[in-house]
Amino acid sequence: MPGPTPPESEGFIVWLEGLPGAGKTTLSSEVGARLKEAGWKVEVLDGDEVRRMFSPELGFTRKDRELHARRVSYVSRMLARNGVAVLVAMITPYETSRQAARAEVGTTRFTEVWLRCPLEVCQRRDPKGIYRQTEQGLVKRMTGVDDPFEEPLNPDLVLDTSSEPAATSAQKLYDHLTQSGQLVHAQ
Ligand SMILES: Nc1ncnc2c1ncn2[C@@H]1O[C@H](COP(=O)(O)OP(=O)(O)OP(=O)(O)O)[C@@H](O)[C@H]1O
Ligand SMILES: [Mg+2]
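Summarised in this report is the structure supplied together with it.

Rules and cut-offs
Residues numbered from 1 in each chain as written. Chains lettered and ligands numbered in written order. Predicted model: local features only at pLDDT ≥ 70, side-chain atom pairs only at ≥ 80, totals over all residues. Heavy atoms only, no water. Helix = DSSP H or I, 4+ residues; strand = E, 2+ residues; numbered from the N terminus. Buried < 20%, exposed > 50% of the residue type's maximum accessible area, 1.4 Å probe, protein only. Polar contact = N/O pair within 3.5 Å; in protein donor to acceptor, adjacent residues only side chain to side chain. Near = heavy atom within 4 Å. Areas by Shrake-Rupley, 256 points an atom, 1.4 Å probe, with all protein chains shown as cover. Nonpolar A, V, L, I, M, F, W, Y, C, P; charged D, E, K, R; others polar. Pairing = 2+ DSSP bridges. Axes fitted to C-alpha atoms, helices over the stretch in contact; angles between N-to-C directions. Contact = heavy atoms within 4.5 Å. Phe/Tyr/Trp six-rings, centres within 6.5 Å; stacked < 30°, edge-to-face > 60°. Lys NZ or Arg CZ within 6 Å of the ring centre and 35° of its normal.

**Observations concerning the side chain of S169**
Then, number 1: Structurally, the position occupied by S169 is in helix α7 (residues 166-179).
Then, number 2: Of the residues examined, S169 reaches a relative accessible area of 1% and is grouped as buried.
Then, number 3: Of the polar contacts made by the side chain of S169, one reaches the side chain of E164; its length is 2.7 Å.

Below, the structure is given as structure tokens:
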């Protein structure tokens, strides 16, 4: 005999994109913590760690970056359809990857957020020292320096992370998720 039908639970995906140092990790962790407090199951798929696990064989050519983004969007969708609030923190330099992710997931449960921050500010922050390493010639194909970051054409939300504190950006993102109806299935 089948048991009772479990309550419907559908998650959603927040895809945070922007230059290295724009604030993707910072905001995904702040907003992730708030979503947990609100009762959501949360997974953060954060750039470097996910890359090490999913795509250790891939480099940073356009083809490789696009393939990696496809893998991440596929897994994000699996998590989201099982009730998880998924925060993706990934540079995502190409518009094709953003569109593919949105198409994979469907439009209503996908929020694309561009963390707009000038290169000079990101370079000054340099939270991982990667810009310094690029200057020293130790890193090639660095987004924003010798590899492109295409301006997002269709983000659902733009946060100017150079001009406001992280807490303000996090609040704006949380408010956007509330207003756009993403949080209605919270258990
Ligand atoms: N409004 C803001 N939103 C997010 N981060 C901010 C903001 N203002 C200042 N910061 C600071 O900018 C830095 C952003 O670093 P963070 O590691 O989050 O960037 P990232 O986008 O994840 O970079 P990477 O692509 O290299 O992983 C942090 O030190 C954070 O405190
Ligand atoms: Mg990061």
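**Remarks on the site of ligand 1**
Then, number 1: Around ligand 1, the structure places 17 residues, and the nearest of them are G21, K24, T26, K128 and E164.
Then, number 2: Here a nitrogen atom of ligand 1 sits 3.2 Å away from a polar atom, N or O, in the side chain of R125.
Then, number 3: One of the backbone nitrogen or oxygen atoms of E164 is found 2.8 Å away from a nitrogen atom of ligand 1.
Then, number 4: For ligand 1, the protein covers 79% of the area, taking 640 Å² as the surface of the free molecule.
Then, number 5: Every element with two or more residues in the shell around ligand 1 is listed here: α1 (24-37) and α7.
Then, number 6: In terms of residue count, α1 provides more of the shell around ligand 1 than any other element does, four residues in total.
Then, number 7: Residues belonging to the shell around ligand 1 are distributed by class as follows: seven nonpolar, six polar and four charged.

**Side note on the sheet that holds strand β5 (residues 157-160)**
Backbone hydrogen bonds hold the strands of a sheet together, and the pairing may be parallel or antiparallel.
Then, number 1: Taken together, five strands build an open sheet; the order of strands is β2-β3-β1-β4-β5 and the sheet is parallel. Taken across any chain shown, the strands that pair with only one partner, and hence form the sheet edges, are β2 (41-46) and β5. For this sheet, the mean inter-axis angle between neighbouring strands, taken without regard to orientation, is 20°.
Then, number 2: Packed on one face of the sheet, α1 meets β1 (12-17), β2, β3 (84-89), β4 (110-116) and β5 and runs near 170° to β3.
Then, number 3: Packed onto the sheet, helix α4 (residues 95-105) meets β1 and β4 and runs at close to 155° relative to β4.

**Digging into the packing of aromatic side chains**
For any pair of aromatic rings, the description consists of the separation of the ring centres together with the inter-plane angle of the planes.
Then, number 1: The final tally for this structure, using the stated rule, is two aromatic pairs.
Then, number 2: Taking 4.9 Å as the distance between ring centres and 80° as the angle between the ring planes, the aromatic pair formed by F12 and W40 counts as edge-to-face. Taken together, the residues F12 in strand β1 and W40 in the loop between α1 and β2 connect sequence positions 28 residues apart.
Then, number 3: Centroid distance W15 to F110: 5.9 Å. Interplanar angle 40°. Geometry classified as tilted. Of the two residues, W15 sits in strand β1 while F110 sits in strand β4, which places them 95 residues apart along the sequence.
Then, number 4: We classify W15 as buried; its relative accessible area is 1%.
Then, number 5: The positively charged end of R34 is found above the aromatic ring belonging to Y174, 4.0 Å away from the centroid.
Then, number 6: Of note, R116 hangs over the ring of W114, and the distance from its end group to the ring centre comes to 5.3 Å.

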